[in-house]
Amino acid sequence: MITLSSDFGWPYPAAMRGVIYQQTDARVVDVTHEFPRQDVRTAAFWLREILPYFPPAVHVVVVDPGVGTDRAALAVRAGDHVLVGPDNGVLLPVARELAGDREIEIFDVEYGDPDSVTFHGRDVFAPTGAAIHESELDRFEEGETFTGTDSSVDLTFPEPDVGDDEIHGEVMVVDDFGNVITNVPGEVLADCFGEHLEVNYERVPVARTYAAVDAGEHLVTVGSHGNVELAVNQGRGDRTFGLGAGDEVSIRR
Amino acid sequence: MITLSSDFGWPYPAAMRGVIYQQTDARVVDVTHEFPRQDVRTAAFWLREILPYFPPAVHVVVVDPGVGTDRAALAVRAGDHVLVGPDNGVLLPVARELAGDREIEIFDVEYGDPDSVTFHGRDVFAPTGAAIHESELDRFEEGETFTGTDSSVDLTFPEPDVGDDEIHGEVMVVDDFGNVITNVPGEVLADCFGEHLEVNYERVPVARTYAAVDAGEHLVTVGSHGNVELAVNQGRGDRTFGLGAGDEVSIRR
Amino acid sequence: MITLSSDFGWPYPAAMRGVIYQQTDARVVDVTHEFPRQDVRTAAFWLREILPYFPPAVHVVVVDPGVGTDRAALAVRAGDHVLVGPDNGVLLPVARELAGDREIEIFDVEYGDPDSVTFHGRDVFAPTGAAIHESELDRFEEGETFTGTDSSVDLTFPEPDVGDDEIHGEVMVVDDFGNVITNVPGEVLADCFGEHLEVNYERVPVARTYAAVDAGEHLVTVGSHGNVELAVNQGRGDRTFGLGAGDEVSIRR
């Protein structure tokens, strides 16, 4: 199985599929092509949330503001999965999640002189992903095409500051429903369901489900990713709370 | 075959796919993930229009404003198809269509304590759909996991009032082109093609095709669903007619 | 393999898939359903860019402002590929590309009296594509259903006027990133990288990659299609240059 993730919208992902189908009969699955444009951090967050639900696969990821520059192309072995994409950090958070306690191996992909300098998704990453898939995932080896490296760009997410009375965190992403997903672990709400907390100086009910408050009312809950989430029942939390990716969130108990 | 329908946008549907691929090699097909958010009636309408074109399949449907509350999760056997989704009526109109003159069987799905209370698409409906598919559709049986029920929430669409001179109907949905789809059966236009009718007090040409009127001109026609549709050739009928889902439509002959 | 391309958005493409799956187990791949509505030229451009990356396939294309009129339905054999769609020119540019130096064969599809006059994607083109696929692509023959024709509507793209000092071209399309893709061949930039050119009376740096200029800065480059492209690093070229499809572009060296 080969998955595709990018910020391409349409129709460029179809060219990647065509290239892959020229090389392999593998099943090809779109994760999304709607990542915010050139937003490496948001893509890295969602990949870490979504890819661990997949069986072993080659995951081709293209969110690549540096396309055509001298940034490296990487193939990353992480547990039973392989990730292929640009060396800008987008692959590393999910690689750590997929690897668990196994070691991550990172390879530079030697890609010569591709047909374009502006569409490495089609000309470098898709054919590399297909080639790795054909070598049966866990057996592609260092050699002419792949060179071991330890100089890749990393990306980590900020840690929240969890005090007894006060928690300071950050908005990681806003999802397509408008739910505001923070980096604060859901456990901090464990004893508070049915009560209120102060979120950014506003009293907000703590609820297990969106529907626990009336339609249009705001709430703080634990999202499906396990983090604290600010939401509005049948509405958009980002607008009601006035929050976007990178904004600070303070919670007082 | 397993189909997926939801109001999730991106990237949550990919997690549902991953979960399914962990359980089965079945073909997985997206119907759409663009249903208007939490709009059970619109989803029910489109599912009834689209799913009957599919061969026998398990259809996983997640438009679920009550996620995490005590609303039941259902598996519905309808003819050669099985529908899986929340107990809010979204499954019933299409189930009647798929069943034809066969009886519909409705089961409560016992889903224990899922990983999240906010993403039953991933944690309840996708794995249930995959499990039913693996049991070969028509052979999943009442037992520990599935309990027969007759208390499910139903949903029906309003019937138009078709008189000899005057017809009163309602807008069911507006499609992605802006075509206004009513609940009035197309037969009422049978003898009127090439003439004009009064639609909401406006004279509108009755045409078989969009291109029968000039670009930008409005028309009333029979859509691909068999109902009366208000449209604009190469434009948006919803804007020209000023109509949206639930609005009244009166037609005078 | 069967590919699907249209301007349908959602959910109509799913009905096409259902119809196809009733007839064949072929792999079905979406190219895009986001072509601008009824925009035959833009669809023709993108199909010519994207489909040549696919292995031999049946490509079903539905951008069809004349649906239900007496416009013909075509099946076009082009090299190892077959294209199926309306007779409005949308199939011809890509057919020439796929055929290379082989002859293109064009057949009228006899489609009788389909279920709808407004959704030939579902009722004519999808079942025709599936039927051709089942006949193993290169062996469908003239006969009852297919009639050879030489009267199809053609579509060609304008040629740029490339002088020694001055080039006059046209915007072909704006892609989903906002990059402005012209009909001017990329070779005209060959000796200019690192310099500036005058584009529509404005001095613009010529760069191999988007990232060669600062974020937010404009540039002229060679896109992945091989044509001159006007872009903004991490921004939208269409807004900065004030250009859309069909607009004139003059370049002075």
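Thresholds, definitions, all that
Residues numbered from 1 in each chain as written. Chains lettered and ligands numbered in written order. Predicted model: local features only at pLDDT ≥ 70, side-chain atom pairs only at ≥ 80, totals over all residues. Heavy atoms only, no water. Least-squares fit on C-alpha atoms with pLDDT ≥ 70 in both. Contact = heavy atoms within 4.5 Å. Pairing = 2+ DSSP bridges. Helix = DSSP H or I, 4+ residues; strand = E, 2+ residues; numbered from the N terminus. Axes fitted to C-alpha atoms, helices over the stretch in contact; angles between N-to-C directions. Domains from an automatic or database assignment. Buried area = accessible area lost by both parts, 1.4 Å probe. Salt bridge = Lys/Arg side-chain N within 4 Å of Asp/Glu carboxyl O. Polar contact = N/O pair within 3.5 Å; in protein donor to acceptor, adjacent residues only side chain to side chain. Nonpolar A, V, L, I, M, F, W, Y, C, P; charged D, E, K, R; others polar. 1 Å grid on protein atoms, 1.4 Å probe; cavity = no way out; pocket = protein on both sides within 12 Å on 5 of 7 lines; lining within 4 Å. Points joined across faces, edges and corners; volume = space filled by probe spheres on them. Parallel < 35°, antiparallel > 145°, perpendicular 65-115°, else oblique. Left-handed = near helix turned anticlockwise from the far one by under 90°.

Moving on, we come to the relation of the copies chain B and chain A. Mapping chain B onto chain A leaves a residual RMSD of 0.0 Å; the transformation is a rotation of 120° accompanied by 0.0 Å of translation along its axis. Considering both components of the superposition, the chain copies are consistent with a three-fold axis. Within chain B, the C-alpha atom positioned nearest to the axis of rotation is that of B:Arg27, 5.5 Å from it. In this assembly, only 3% of the residues forming the interface of chain B have copies in chain A that are likewise at the interface, indicating a heterologous arrangement.

Moving on, we come to the sheet that holds strand 6 (residues 105–109) of chain C. Residue and element names in this part refer to chain C. Across the sheet, which stays open at both edges, the seven strands sit in the order 2-1-3-5-4-6-7 with mixed pairing between neighbours. A strand with exactly one partner marks an edge of an open sheet, and here the two such strands are strand 2 (28–32) and strand 7 (146–148). Between one strand axis and the next, the sheet turns by 25° as a mean value, whatever way the strands run. Sheet analysis places strand 1 (residues 2–6) next to strand 2, joined by four bridges and oriented parallel. Residue pairing across strands places threonine 3 opposite valine 29, the latter belonging to strand 2.

Our next topic: the domain arrangement of chain A. Residues and elements named next belong to chain A. In terms of domains, chain A is made up of domain 1 (2–148) and domain 2 (161–252). Relative placement of domain 1 and domain 2: their C-alpha centres are 32 Å apart. Taken together, the contact pairs five residues of domain 1 with eight residues of domain 2. For domain 1, the biggest contributors to the area lost against domain 2 are Arg41, Phe45 and Trp46; these three give 75% of the whole. At the surface where domain 1 touches domain 2, the tally comes to one salt bridge. Put simply, glutamate 170 and arginine 41 hold a salt bridge, and the shortest N to O gap is 2.9 Å. If you look at where domain 1 meets domain 2, you find two residue pairs in polar contact (both at pLDDT 80 or more). Of the residues belonging to the side of domain 1 that touches domain 2, the class tally is two nonpolar, one polar and two charged.

The computed volume of the largest pocket comes to approximately 1400 Å³. Along its surface, the largest pocket is lined by 50 residues, and A:Arg17, A:Asp30, B:Asp30, C:Arg17 and C:Asp30 are the ones closest to its centre. Only helix 1 (12–23) and strand 2 (28–32) of chain A, helix 1 (12–23) and strand 2 (28–32) of chain B together with helix 1 (12–23) and strand 2 of chain C provide two or more residues apiece to the lining of the largest pocket. Approximately 460 Å³ is the volume attributed to the second largest pocket. If you go around the second largest pocket, you meet 26 residues; those closest to its centre are C:Arg48, C:Glu49, C:Glu97, C:His225 and C:Asn227. Elements represented by at least two residues in the lining of the second largest pocket include exactly helix 1 of chain A together with helix 2 (40–50), helix 3 (92–99) and strand 10 (180–185) of chain C. Element by element, the count of residues in the lining of the second largest pocket is highest for helix 2 of chain C, at four residues. Partitioned by chemical class, the residues of the lining of the second largest pocket number 15 nonpolar, five polar and six charged.

Pairing between sheet strands relies on hydrogen bonds along the backbone, with the strands arranged either parallel or antiparallel. All names here are of chain B. Judged by pairing direction, the sheet is mixed, and its seven strands sit side by side in the order 2-1-3-5-4-6-7 without closing on themselves. The sheet is open, and its two borders are formed by strand 2 and strand 7 (146–148), each paired with just one other strand. Taken over all neighbouring pairs, the strand axes of this sheet differ in orientation by 25° on average, direction set aside. Looking at chain direction, strand 4 (residues 73–78) and strand 6 (residues 105–109) are connected through four bridges and run antiparallel.

Residue and element names in this part refer to chain B. In contact at an axis separation of 7 Å, helix 2 (residues 40–50) and helix 3 (residues 92–99) are set at 15° when each is read in the N-to-C sense. Overall, the two elements helix 2 and helix 3 adopt an arrangement that is roughly parallel. Relative to helix 3, the crossing made by helix 2 is right-handed. Of the residues in helix 3, those touching helix 2 at Ala44, Leu47 and Arg48 are Pro93, Val94 and Glu97. For the contact of helix 2 with helix 3, the residue count by class is four nonpolar, no polar and two charged.

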